[in-house]
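# Chains, contacts and geometry: an overview
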Amino acid sequence: FNADNMNKIEAVYGGQFRRALEDIFFRMEEGVNRNQSQLNNPWLKWLNFATGNVMFVNVRSALLQSISATNFIELTGPNNLLNTLARVVDSKQWAEDFTTLWNSTFLKERRSRGKIDIVQEEIQRTVASEKDPFLRLASLLQNKGYAPTRFMDSLAIAFGGAAYYRNLVNDYMGKGMDQVQAERRAMRDFREKAEASQQSARADLISQQQASVMGRIFLTFQNVTMQYTRLGKKALNDFRNGRRVRNADGTFK
């Protein structure tokens, strides 16, 4: 991206789209989940700690994470309900796939680096960067307090994703890929599916609203709702405008 094609993007999609895109680039390059204009905003630190207090050993939140195991079931496609049940019945293979996903780099990062949501990731970073001893201690305690939620998040993703992963592997192998290629592609698709349908701190999946001060107030416990709203809006716009949407395997819907 350079000034010329950014100007073209602005001409086609508008100034707000350009600013949102530039904020995504900023978050990706700087490794932060704040907009450029709010990088050093002290209110964000205050809101992070307030949210951390609410989430400290929050058992209800942890249990609610388990519901997201159903996110991987599709109405049509390789992981439809019948194929999902078939994979679960094959308990030995399902257990191997569950273990593979649980020990994957993706889920290890979500558990160790707080990649579940924006606030949790920033609280974990505060442990290493905060100078005030009281805030440093609070950050350390809150980081430990997120452990039940992190555990159940990984459990739900691996539990629901095991059948999804194996069905994709079988589908890709049926289309001519060898096993290594199929497993690599299936792992990539599994990660994209999980991060789009779960809460995620990934820079390119966070909106300007989520990264703003106002977003931290009104969307603190609604980040995944925000992501689903954007997915639904995009699908509706694609349908309304008659766009073909490219699937991961190269086909279109």
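Residues numbered from 1 in each chain as written. Predicted model: local features only at pLDDT ≥ 70, side-chain atom pairs only at ≥ 80, totals over all residues. Heavy atoms only, no water.

With that settled, the discussion passes to the overall build of the protein. Looking only at helices and strands, one finds 14 helices and zero strands in the protein. Along the chain direction, N to C, the helices and strands of the protein fall in the order α-α-α-α-α-α-α-α-α-α-α-α-α-α. When each of the 253 residues of the protein is scored for burial, the buried share is 42%. Intrachain contacts of the protein at a sequence separation of at least 6 include 66% that bridge at least 24 residues. Put simply, the protein shows about 14,600 Å² of open surface, and 59% of that area lies on carbon and sulfur atoms. (Helix = DSSP H or I, 4+ residues; strand = E, 2+ residues; numbered from the N terminus. Buried < 20%, exposed > 50% of the residue type's maximum accessible area, 1.4 Å probe, protein only. Contact = heavy atoms within 4.5 Å. Areas by Shrake-Rupley, 256 points an atom, 1.4 Å probe, with all protein chains shown as cover.)

Here we take up the side chain of R111. Position of R111 among the secondary structure elements: in helix α7 (residues 105–113). Salt bridges are absent for the buried R111, whose nearest opposite-charge side chain, D153, sits at 7.6 Å. Among the polar contacts made by the side chain of R111, one reaches the side chain of S154 at a distance of 3.2 Å. (Lys, Arg positive; Asp, Glu negative; His and termini not counted. Salt bridge = Lys/Arg side-chain N within 4 Å of Asp/Glu carboxyl O. Polar contact = N/O pair within 3.5 Å; in protein donor to acceptor, adjacent residues only side chain to side chain.)

Enumeration over the complete set of coordinates arrives at nine aromatic pairs. Note on F72 and F190: the rings are 5.8 Å apart at their centroids and 20 degrees apart in plane angle, and the pair reads as stacked. Placement of the pair is F72 in the loop between α4 (59–65) and α5 (81–89) and F190 in helix α11 (residues 179–197), with a sequence separation of 118 residues. Taken individually, F72 and F190 each receive the classification buried, so the pair is uniform in this respect. Chaining the aromatic ring pairs together yields one cluster made of W94, F98, W102, F151 and F159. (Phe/Tyr/Trp six-rings, centres within 6.5 Å; stacked < 30°, edge-to-face > 60°.)

A few words now on the nonpolar core. In terms of nonpolar packing, the biggest core is built from 19 residues, with I157 and F190 touching the most fellow members. Of all the secondary-structure elements, those providing two or more residues to this core are α6 (91–102), α7, α10 (147–174) and α11. (Core = buried A, V, L, I, M, F, W, Y, C linked by side-chain atoms within 4.5 Å.)

Along the chain, P148 falls in helix α10. Residues P148 and M55 lie 93 residues apart in sequence; the distance between their C-alpha atoms is 9.8 Å.

Turning next to the pattern of salt bridges. Going through the model one piece at a time under the given rule, you end up with ten salt bridges. Salt-bridge contacts for R191 lead to E109; the nearest nitrogen and oxygen are separated by 4.0 Å. One end of the pair, R191, is in helix α11; the other, E109, is in helix α7, with 82 residues separating them in the sequence. Across the salt bridge formed by K234 and D238, the nearest N and O atoms sit 3.5 Å from each other. Placement of the pair is K234 and D238 together in helix α14 (residues 223–240), with a separation of four residues, close to one helical turn. Taken together, the salt bridges that share partners define one network made up of E10, R18 and E22.

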